[in-house]
Amino acid sequence: MFNHEPPGYPCPFCRLLAGEETVLNGVRDVVLRTELATALIAPRWWPANEGHVLVIPNAHHENLYDLPARYGYAVHDVIQQVACAMRTAYGCAGTSTRQHNEPAGDQEVWHFHTHVFPRYPGDNLYRTTVCTDFAPIAVRHAYADKLRSRLS
Ligand SMILES: [Zn+2]
């Protein structure tokens, strides 16, 4: 429903779920995997909200309109676990979630995902329209290790 995924789209999240490593998504970025959902450190970086997490269903569904309920529940369960772990592992003062659908909604990857951000007083997350860069792999892994230790 209201799909924008091009034919033959090489989905980066399906590739990761199959164990394929790319520059932007590696197996070590995964902090939690359940039967139906997976959480990983996002490769894109917001400078005041480092180490934010993406939570994805373990099956390819493009957006919120298409997402079967059981995957929606599983994704939300993982979001809750990640937010609680983030709060203690990162020492952030709060958390926020964001989820985008269609180009007008700023969706860029055509596999449903919800962002979980660590929040700090005055971080201006919602006034930041574009993140500055991709995170270096070593920095992503440091956050992944920190978060994973609170999730196991
Ligand atoms: Zn996919």
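This is a predicted model, so every value here is computed, not measured.

Before going further, it helps to spend a moment on the pattern of salt bridges. Overall, the coordinates contain six salt bridges when judged by the stated rule. When the shortest N-O distance is used, the salt bridge between R15 and E20 registers 2.8 Å. Residue R15 is classed as partly exposed on the basis of its relative accessible area, which comes to 30%. The closest approach of N and O atoms between R148 and D145, which form a salt bridge, is 2.9 Å.

Moving on, we get to the coordination of the zinc ion. Around the zinc ion, the protein supplies C11 (SG), C14 (SG), H60 (ND1) and H111 (ND1) as donor atoms, at distances of 2.0 to 2.3 Å. Considering all four donor atoms around the zinc ion, the spread of angles at the metal, 103 to 117 degrees, places the coordination shape in the tetrahedral class. Within one chain, the residues serving as donors to the zinc ion are arranged as C-x2-C-x45-H-x50-H. With C14 in helix α1 (residues 12-17) and H111 in the loop between β5 (94-99) and β6 (114-119), this residue pair connects regions lying 97 residues apart in the sequence. Overall, the relative accessible area of 28% leaves C14 in the partly exposed class.

Criteria and cut-off values
Residues numbered from 1 in each chain as written. Predicted model: local features only at pLDDT ≥ 70, side-chain atom pairs only at ≥ 80, totals over all residues. Heavy atoms only, no water. Salt bridge = Lys/Arg side-chain N within 4 Å of Asp/Glu carboxyl O. Buried < 20%, exposed > 50% of the residue type's maximum accessible area, 1.4 Å probe, protein only. Donors = N, O, S within 2.8 Å, 3.2 Å for Na, K, Ca; no water. Tetrahedral: all angles 85-135°; square planar, octahedral: opposite > 155°, others 65-115°. Helix = DSSP H or I, 4+ residues; strand = E, 2+ residues; numbered from the N terminus.

These figures capture arrangement, not role.
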